[in-house]
Protein chains: 2
Amino acid sequence: MSGSVLTKSAGALYASRLARVRQSMKSQSIDAALLSVGHDLPYLTGYYAMPLERLTMLVVTHDAVAALIVPRLEAPRVTPFDDVFKVVPWGETENPVEIVAKQLGGAKRIAIGDQMWARFLVELMGFVSGVNFVRAVDVVGSMRMAKDVDEIAALQAAGAAADRVATQLQAGEIKLVGRTEAQVSADISARLIAEGHDVVNFAIVAAGENAASPHHHAGSRVIKHDEIVLCDFGGTMNGYCSDITRCVFIGEPSRKITSAYSVLHAAQAAGVAAGVVGATCESVDAAARKVIDDAGFGDFFIHRTGHGIGMEAHEEPYMVSGNKLLIAAGHAFSVEPGIYLPGKWGMRLEDIVVATDAGPLSMNNVDHSLAILN
Amino acid sequence: MSGSVLTKSAGALYASRLARVRQSMKSQSIDAALLSVGHDLPYLTGYYAMPLERLTMLVVTHDAVAALIVPRLEAPRVTPFDDVFKVVPWGETENPVEIVAKQLGGAKRIAIGDQMWARFLVELMGFVSGVNFVRAVDVVGSMRMAKDVDEIAALQAAGAAADRVATQLQAGEIKLVGRTEAQVSADISARLIAEGHDVVNFAIVAAGENAASPHHHAGSRVIKHDEIVLCDFGGTMNGYCSDITRCVFIGEPSRKITSAYSVLHAAQAAGVAAGVVGATCESVDAAARKVIDDAGFGDFFIHRTGHGIGMEAHEEPYMVSGNKLLIAAGHAFSVEPGIYLPGKWGMRLEDIVVATDAGPLSMNNVDHSLAILN
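Residues numbered from 1 in each chain as written. Chains lettered and ligands numbered in written order. Predicted model: local features only at pLDDT ≥ 70, side-chain atom pairs only at ≥ 80, totals over all residues. Heavy atoms only, no water.

### Topic: the overall build of chain A
As a reminder of what qualifies: Strands here mean DSSP runs of E at least two residues long; helices mean DSSP runs of H or I at least four residues long; both are numbered from the N terminus. Radius of gyration: C-alpha atoms only; globule rule: 2.2 Å multiplied by the number of residues to the exponent 0.38. Only protein chains enter the calculation, and the probe is 1.4 Å; a residue is then buried if its accessible area is under 20% of its type maximum, exposed if over 50%, and partly exposed in between. In this analysis, two residues are considered to be in contact whenever any of their non-hydrogen atoms come within 4.5 Å of each other. The method behind every accessible area is Shrake-Rupley, applied with a 1.4 Å probe, and residues are considered shielded solely by the protein chains displayed. A positive count includes Lys and Arg, and a negative count includes Asp and Glu. His and the chain ends are not counted in either. The atom standing in for a charge is NZ when the residue is Lys, CZ when it is Arg, CG when it is Asp and CD when it is Glu.
A count of helices and strands for chain A gives nine helices and 18 strands. Against the compact-globule benchmark of 21 Å for 374 residues, chain A has a radius of gyration of 22 Å, which places it among compact chains. Based on the C-alpha atoms only, the size of chain A along its principal axes is roughly 70 × 40 × 40 Å. Split into buried and exposed, the 374 residues of chain A put 60% on the buried side. The long-range fraction of contacts in chain A, counting pairs at least 24 apart against all pairs at least 6 apart in sequence, stands at 65%. In the structure as shown, chain A presents an accessible area of about 13,700 Å², 54% of it carried by carbon and sulfur atoms. Treating the 31 positive side-chain charges of chain A as one cloud and the 41 negative ones as another, the clouds have centres 2 Å apart.

This is how it looks when you write it as structure tokens:
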């Protein structure tokens, strides 16, 4: 993992973020926050914990300096910021959960990082009592949602790199016919890295009837003429994620396909246009869904319209019915409606969009039409 | 992820494993087990859940058929085994935690999978009360530890594939001098795949003073003449993991290095020899550590001697002081002592070993000496 793109000194950035976390904790009467694997930890400290059975945890309370409890073995990987947190390495024969419990100072309302391994929470319950646990997304999530200028620049750079791969796909530079989905997925992955990504997070390649399964795992299916190929790929570049979906058709698409794609295209544009500051998240979903519903494909759009994106490929806010959260400047999210005909074909169109005071700003600007290849 | 190597029908295997889980739950008065991301779920159902904000969870109780709560979007990826579990897909606007809570039937003692995202446990606490949570490793862990004949065969195949890459390293076929650690790491990763692995889990390459950090992240450091290079790599093949560490020295090692390596070599052999059925896990650690202690390097062996391995790269049992668990036939674990001189050099030697009634069986059989290259 690489660090994020930063214009101000990292230490000052982390200190100011941590101050805001404590403010948010205070306003919600939260005594302590425990952040382990996942992205809240690097957001606040710059440190990415390995997802290991050996516990890493940042303990944030109001009165003491934040403590990063870390396996002694991993301690050399921590870049220290003395004004932000102290490093507390633990040895192989110590119980790190007990060490965490001791740092809690009698906290009665504790926020827990979303992706912490549940085993550590179960173990912690053996050391504390009468505690009310809440999700740390309530204190860190709203901060992480509203991207600052450096973070938006990082999303733009990652989006531009993904766009270059999508352009190669649309130009026919990525051989499709006769190769398996898995081979094309590997090819796209290599191109994401060549264009500057540090890690590939996924590269879905789904041909023909496989495209009807939105999270299809690229497999041994050989791509043929006269079918649609859905490609949904993204990675992490300088700490921030890309995510794009484009479809190509090899041969001459039927009228059914072209007319469904027109609906999809219009639905995606409507979703993007609805992503304005002050609108609810669910209104983005509703805007895209209405176009698809009106065209009679409503039963075939079987997922939410989008997810937030940033340090994580999927994070808050989610563009889904029922989410009344108001979009704020700096919120970054995907707009990716789809139409899926089981056993026949599927199609999806996805851009990453950042809400700004000047309107929705797209991180992906490559052609939105169904590319026709031969 | 691929399925495991199976000689009996998968459905029958999962059914018998689930029956044993229920037996173990009964003997511990556990009313329900909740298994989400991690490897308990595929061990019992064949299904690998994506680590997503969308909940996937197997609910195991005594009286009802097990229920696999899965996002509707992911449901096509599930291979159903009707005699083992029912699939319960949930839609984008439903609350899956509420669905899980409804399946619990008033359970008061609930076992939680180790790697479940803590957010789901926190959310579940809002739907149940007076519940005592325990770790699911207490019910599934002991089963997963004792590998059956098919699982041992899979570990052997993965170990042999890793050995082939280690042989290439020792034979000087992997260019080292003048390349960065990261380049060599990528080369080793490609070779692991070429030799049959489905996924690379890690490929640590640490040169000179970097080798003194056991979990060093391969970086831009260029490898030079006259230094030690520590390579620790492994992946997953047919659902089971490999993990091996070998060191090479480019040039003529000093007497200090060669004599320290002799100590390491003897320590590793002592650890392997101690890994017999009926011994405690901590005795494996003690056996390796004693050799290093006696030679005066005790302060420089800064981690436990080993970890269990199977579907996961790290799993129970751990070879660490304080672990009184008795080794049983089929237990698979690493034996990997190391000596680390901060700022100077480090060395580690690692094999995977399976305890059998006929004694310790090594999954890695490539030369154990410090390979000298020029």
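### Thoughts on the interface of chain B and chain A
Defined as follows: Values labelled buried area give the accessible surface lost by two parts on being combined, using a 1.4 Å probe and summing over both. Contacts described as polar in this section are N or O atom pairs within 3.5 Å, which, within protein, must combine one atom able to donate a hydrogen with one able to accept it, while residues neighboring in sequence count only if both atoms come from side chains.
Opposite the 36 residues of chain B that make contact, chain A presents 36 residues. Across the chain B/chain A interface, buried area totals approximately 3,200 Å², and carbon plus sulfur atoms make up 63% of it. Looking at the side of chain B facing chain A, the largest losses of area belong to Leu-73, Val-122 and His-215 of chain B, adding up to 19% of the total buried there. There are 16 residue pairs in polar contact (both at pLDDT 80 or more) connecting chain B and chain A.

### Considering the domain arrangement of chain A
To be explicit about the condition: What counts as a domain boundary in this text is fixed by an automatic or database domain assignment.
Along its sequence, chain A is carved into domain 1 (3–142) and domain 2 (146–373). The C-alpha centroid of domain 2 of chain A is placed 34 Å from the C-alpha centroid of domain 1 of chain A.

### Overview of the packing of aromatic side chains
For clarity, the threshold we go by: For Phe, Tyr and Trp, rings pair up if their centres lie within 6.5 Å, where Trp contributes its six-membered ring, and each pair is then called stacked (planes under 30 degrees apart), edge-to-face (over 60) or tilted (otherwise). Distance and angle both matter: a charge sits over a ring if NZ of Lys or CZ of Arg is within 6 Å of the ring centre and within 35 degrees of the ring normal.
Per the counting criterion, the structure on display carries six aromatic pairs over all chains. Ring geometry for Tyr-14 of chain A and Phe-81 of chain A: centres 5.2 Å apart, planes at 65°, overall edge-to-face. Of this pair, Tyr-14 of chain A sits in helix H1 (residues 10–27) while Phe-81 of chain A sits in the loop between strand S3 (66–71) and strand S4 (85–90), and the two are 67 residues apart along the sequence. Plain terms: the ring middles of Phe-81 of chain A and Phe-85 of chain A are 6.5 Å apart, the flat faces sit at 70° to each other, and that makes the pair edge-to-face. Following the ring pairs from residue to residue traces out a cluster consisting of Tyr-14, Phe-81 and Phe-85 of chain A. Sitting above the plane of the Tyr-43 of chain A ring, Arg-17 of chain A keeps its charged end 3.8 Å from the centroid. One cation-aromatic arrangement involves Arg-289 of chain B over Phe-301 of chain B; the distance from NZ or CZ to the ring centre is 4.0 Å.

### Here's the deal with the environment of Tyr-261 of chain A
Residue and element names in this part refer to chain A. Checked against the element boundaries, Tyr-261 lands in helix H8 (residues 255–274). Tyr-261 gets classed as buried once you look at its relative accessible area, which sits at 4%. The spacing of Tyr-261 and Gly-338 is 77 residues in sequence and 9.3 Å in space, taken between C-alpha atoms. In contact with Tyr-261, other than residues within four places in its own chain, are Cys-247, Met-347, Leu-349, His-368, Ser-369 and Leu-370.

### Let's talk about the confidence of the model for chain A
Note: predicted coordinates in regions of low pLDDT should not be interpreted at a detailed level. All names here are of chain A. Threshold: On a range of 0 to 100, pLDDT expresses the predictor's confidence in each residue.
The predicted model of chain A has a mean per-residue pLDDT of 94, with 98% of residues at 70 or higher. Below a pLDDT of 50 lies the segment residues 1–7, which in the model reaches 17 contacts outside its immediate sequence neighbourhood of four places, other chains included. Interface confidence in the predicted complex, given as ipTM, is 0.86; pTM for the same model is 0.86.

### Examining H1 of chain A
All names here are of chain A. Heads up, the condition is: Expected helix span is computed as 1.5 Å times (number of residues minus one).
The first and last C-alpha atoms of H1 sit 26 Å apart over 18 residues, in line with the 26 Å expected at 1.5 Å per residue. Looking at H1, one finds that the buried residues are Ala-10, Gly-11, Leu-13, Tyr-14, Arg-17, Leu-18, Val-21, Arg-22, Ser-24 and Met-25. Close packing links the buried residues of H1 with strand S1 (32–35), helix H2 (40–45), strand S2 (57–61), S3, helix H5 (137–145) and helix H6 (149–170). Just downstream of H1 lies Ser-29, where phi reads positive at about 55°.

### Quick word on the pairing of strand S15 (residues 345–348) of chain B
Residue and element names in this part refer to chain B. Rule in force here: Strand pairing is defined by DSSP finding a minimum of two bridges between the two strands.
Burial along S15 is two-sided: the face carrying Trp-345 and Met-347 and the face carrying Gly-346 and Arg-348 are both buried. For strand S14 (residues 338–341) and S15, the ladder comprises four bridges, and the chain directions are antiparallel. Opposite Leu-341, over in S15, you have Trp-345 as the bridge partner. The hairpin turn running from S14 into S15, its antiparallel successor, is three residues long, and Gly-343 in that turn takes a positive phi close to 80°.

### Some details on the relation of the copies chain B and chain A
Cut-off, in case you're wondering: C-alpha atoms of residues with pLDDT of at least 70 in both copies form the basis for the least-squares superposition of the copies.
For these two chains of identical sequence, chain B goes onto chain A by a turn of 180° and a shift of 0.0 Å along the axis, with RMSD 0.0 Å. When the rotation and shift are considered jointly, the pair of chain copies conforms to a two-fold rotation axis. Within chain B, the C-alpha atom positioned nearest to the axis of rotation is that of Ala-118 of chain B, 2.2 Å from it. Counting the interface residues of chain B, we find that 97% of their copies in chain A are interface residues as well, pointing to one common contact surface.

### As for the sheet that holds strand S4 (residues 85–90) of chain B
Remark on secondary structure: sheet strands pair via backbone hydrogen bonds, oriented parallel or antiparallel. Residue and element names in this part refer to chain B. The following threshold applies: Simply put, an axis is a line fit to the C-alpha atoms, just over the touching stretch for a helix, and the angle between two N-to-C directions goes from 0 to 180 degrees.
Sheet architecture is open: six strands sit in the order S4-S3-S2-S1-S5-S6, paired in mixed fashion. The sheet is open, and its two edges are formed by S4 and strand S6 (132–135), each paired on a single side. Pairs of neighbouring strands in the sheet enclose a mean axial angle of 25°, with direction left out of account. By the bridge criterion, six bridges tie strand S3 (residues 66–71) to S4 in an arrangement that is parallel. The partner of Ala-66 across the bridge, within S4, is Phe-85.

### Description of the pairing of strand S10 (residues 244–250) of chain B
All names here are of chain B. Counting buried residues in S10 gives seven out of seven residues, a clear majority hidden from the surface. Neither face of S10 is left uncovered, since the one carrying Ile-244, Arg-246, Val-248 and Ile-250 and the one carrying Thr-245, Cys-247 and Phe-249 both have all their residues buried. Two elements, strand S8 (residues 227–237) and S10, share seven bridges in a ladder whose sense is antiparallel. Bridging across to S10, Ile-228 finds its partner in Phe-249. Across three bridges, the pairing between S10 and strand S18 (residues 371–373) is parallel. Each bridged residue has a counterpart across the sheet, and for Phe-249 the counterpart in S18 is Ile-372.

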